[in-house]
Amino acid sequence: MKKSVVGMIALSAMAAAMGSAFADEAAKGPAMTAAEKEQAKKIYFERCAGCHGVLRKGATGKNLEPHWTKKDKDGNVTEGGTTKLGQNRLEKIIGYGTDGGMVNFDDILTKEEISLMAKYIQNTPDVPPEYSFKDTLDSWKVIVPVKDRPTKQMNNFNLKNMFSVTLRDTGEVALIDGDTKEIRSIVKTGYAVHISRLSASGRYVYVIGRDGRLSLIDLWMEKPAVVAEVKIGFDARSVDTSKFKGFEDKYAIAGSYWPPQYVIMDGDTLKPRKVVSTRGMTVDGEYHPEPRVASIVASFIKPEWVVNIKETGQILLVDYSDIENLKTTTIASAKFLHDGGWDASKRYFLVAANASNKIAAVDTKTGKLAALVDVAKIPHPGRGANFVHPKFGPVWTTGHLGADVLTLISTPSEKKSDAKYKEYNWKVVQEVKHVPGNLFVKTHPKSANLWADSPQNPEKELAESVSVWDKSDLSKPKAILNVAKDSGLPETKATKRAVHPEYSADGKEVWISLWGGKVDQSAIVVYDDATLKLKRVITDPKMITPTGKFNVFNTQHDIY
Ligand code: DHE
């Protein structure tokens, strides 16, 4: 009950913000009542906008504008060689998914909702309102002023091994003690929190909700709680802080999907300081009205953030040393930039240009594109996984949503002993057989293993399992762990997706979320990394739809 109410409230707020009536042109699409449009609008923002875009111009997902979703009355059913879709075909695609990577929604939406969505996307997209600096400032709240916050840690938790865990559908984050596995605090945040990132100090957790609400959690409080909040847009995915020496946590930055812009704030209060629009030209020289802010990461070697703009394929290096006179380097890479992580040296940031099937590597020392590497279909690295390959030296690994491999890319190293690997740099040196539908790969410098999930695989058994390889010999058969079975939770018709492996601070345990259906019990399943044996199942009625887990120490130091 609780989760659906929270979800409804958040979505109504978001949908209400998305403008009012349809444009006149919409009359040309299938007829819908006002109530149907409202319902479809809400579902679209909850389930579809992330991949297809608010304006439906397409990104990870296809373009969904009426010029090809809607068949013409005169029987003209193709455009540029592509068959226009129409009601029946759209219903099938939404229900059953496609080989192109569209997931099936028949276990999430009812038949009536699927039919409604097929009608909705044949109508002209709604254009949501803008969100100004004043709107951002008006939403800003300091709950505990800096002067009233503790001056030392007031609890006796081992903060380094604390995990910030997204409880997706309740709009909360659970802070779980990695040593005892106890839930220390459940904190109200924005809806469907996407990521948690740590302050340079390791004291504060920055949590960004899908609804654009950014929350600042103080881990030093007796019971960690939110000390400041701000809404940075209507739809958001990314946040980080300033990490360069002398600027530690002075600023925070959060990226918005809608409106397409980023916001720079004071690090300790979230007071908005600057809003910067990301609208502009794609790498192909076309204007794009909705270039969303995807991953953001703070450089350790310069006072800069790497800000990846999805639809334009432009990588921005935003220099925060003087935010009144903001300097930005714009690096053209490839369209549809999404998630990514550092190489082992933390000089190069590697980011997936997912629908272009490429990995872009930016050299944050020279401020230039280091490489654009062709890879298999729809790379999705999370943050990737760095390790030393026995034959090819240092490599960074990505998984794929749309292909059955993990891709290993050789990365440069300044160590003399690694000079022999130079010839491989920025080449795909190995593809390791996995299954499609992978979202996250993970390893740890102290671990012998490489872990990968496959939560988007259409086969229930594979979506509920994770795979583990021995990094020293990737030709050895992988171990497959059925996380759903290991959890001991009752079997359900709905798939419990095993998602997002995350290491403990010492690299000895791996935590996997078992993301159950809305009404089923979820869990976090903890494995011993050395033996791959089940160590603990963390479950609780309050543990509703856990997804991302962020170990404080590993996130603070970008260890992956
Ligand atoms: Fe994510 C990272 C966007 C769907 C869980 N996800 C990211 C990042 C982006 C992004 C831009 C990188 C942030 C950064 O590093 O600064 N994700 C999107 C989408 O647009 C998409 C495809 C659709 C949507 O509507 O959100 C999407 N993501 C999902 C999910 O369905 C997941 C599995 C669960 C959920 O939250 O809905 C999911 N995404 C995650 C996680 C990370 C992430 C756990 C962080 C990985 C890490 O280890 O840092």
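We now turn to the structure provided with this report. (Residues numbered from 1 in each chain as written. Predicted model: local features only at pLDDT ≥ 70, side-chain atom pairs only at ≥ 80, totals over all residues. Heavy atoms only, no water.)

### Observations regarding the pairing of strand β6 (residues 183-188)
Alignment of strand β5 (residues 172-177) against β6, held across five bridges, turns out to be antiparallel. Within the sheet, the bridge partner assigned to Leu175 lies in β6 and is Ser185. In textbook terms, the turn of a hairpin is the stretch between consecutive antiparallel strands, and for β5 and β6 this stretch comprises five residues, one of which, Lys181, has a positive phi near 70 degrees. (Pairing = 2+ DSSP bridges. Helix = DSSP H or I, 4+ residues; strand = E, 2+ residues; numbered from the N terminus.)

### Looking at the site of the ligand
Within the structure, the ligand sits among 24 residues, and Arg168, His194, Arg197, Tyr257 and His500 are positioned closest to it. A distance of 3.1 Å separates an oxygen atom of the ligand from a polar backbone atom of Ile296. Broken down by secondary-structure element, the contributors of at least two residues to the shell around the ligand are α2 (34-52), β7 (195-198), β11 (235-241), β17 (293-298), β21 (337-342) and β37 (546-551). Tallied by class, residues from the shell around the ligand come to nine nonpolar, eight polar and seven charged. (Near = heavy atom within 4 Å. Polar contact = N/O pair within 3.5 Å; in protein donor to acceptor, adjacent residues only side chain to side chain. Nonpolar A, V, L, I, M, F, W, Y, C, P; charged D, E, K, R; others polar.)

### Comments concerning the environment of Lys460
Structurally, Lys460 can be placed in helix α7 (residues 460-463). Residue Lys460 is classed as partly exposed on the basis of its relative accessible area of 25%. Linking Lys460 and Lys302, residues 158 residues apart in sequence, is a C-alpha distance of 45 Å. Beyond its immediate chain neighbours, meaning those up to four positions away, Lys460 contacts Glu491, Thr492, Lys493, Ala494 and Thr495. (Buried < 20%, exposed > 50% of the residue type's maximum accessible area, 1.4 Å probe, protein only. Contact = heavy atoms within 4.5 Å.)

### Quick notes on the packing of α2 against helix α5 (residues 111-120)
Running from amino to carboxyl end, α2 crosses α5 at an angle of 90 degrees, the nearest separation of the two axes being 9 Å. Classified by the angle their axes make, α2 and α5 are roughly perpendicular. Packed against α2, whose contacting residues are Glu36, Lys37, Gln39, Ala40, Lys41, Ile43, Tyr44 and Cys48, the element α5 presents Glu113, Leu116, Met117, Lys119 and Tyr120 at the interface. Each residue belonging to the contact of α2 with α5 can be placed in one class, and the counts come to seven nonpolar, one polar and five charged. (Axes fitted to C-alpha atoms, helices over the stretch in contact; angles between N-to-C directions. Parallel < 35°, antiparallel > 145°, perpendicular 65-115°, else oblique.)

### Some remarks on the pattern of salt bridges
Counting across every chain of the model gives 29 salt bridges. Residues Glu509 and Lys181 are paired through a salt bridge, measuring 3.0 Å at the closest nitrogen-oxygen approach. A residue pair is termed long-range when its members are at least 10 positions apart, and Glu509 in strand β34 (residues 509-515) and Lys181 in the loop between β5 and β6 qualify at 328 residues. By the burial criterion, Glu509 is buried, and Lys181 matches it. The partner of Asp235 in a salt bridge is Arg237, with the nearest N and O atoms 2.8 Å apart. Arg237 sits in the buried class, given a relative accessible area of 9%. (Salt bridge = Lys/Arg side-chain N within 4 Å of Asp/Glu carboxyl O.)

### Some thoughts on the pairing of strand β4 (residues 162-167)
With six of its six residues buried, β4 lies for the most part within the structure. Here β4 shows no split at all, with Met162, Ser164 and Thr166 on one side and Phe163, Val165 and Leu167 on the other all buried. Of the strand pairs in this sheet, β4 and β5 are connected by six bridges, and their pairing is antiparallel. Each bridged residue has a counterpart across the sheet, and for Leu167 the counterpart in β5 is Glu172. Hairpin geometry of β4 and β5 is characterised by an intervening segment of four residues between the two adjacent antiparallel strands and by a positive phi of about 65 degrees at Gly171. In terms of strand pairing, β4 meets β37 through four bridges, oriented antiparallel. Of the residues in β37, the one forming a bridge with Phe163 is Asn551.

### Concerning the sheet that holds strand β12 (residues 251-258)
Strands sit in the order β11-β12-β13-β14 across an open sheet of four strands; the sheet is antiparallel. In this open sheet, the two strands that pair with only one neighbour each are β11 and β14 (272-277). Across this sheet, the average inter-strand angle for adjacent strands is 20 degrees, counted without regard to direction. Direction of pairing for β11 relative to β12: antiparallel, over a ladder of six bridges. Pairing of Ala236 across the sheet is with Ser256, part of β12.

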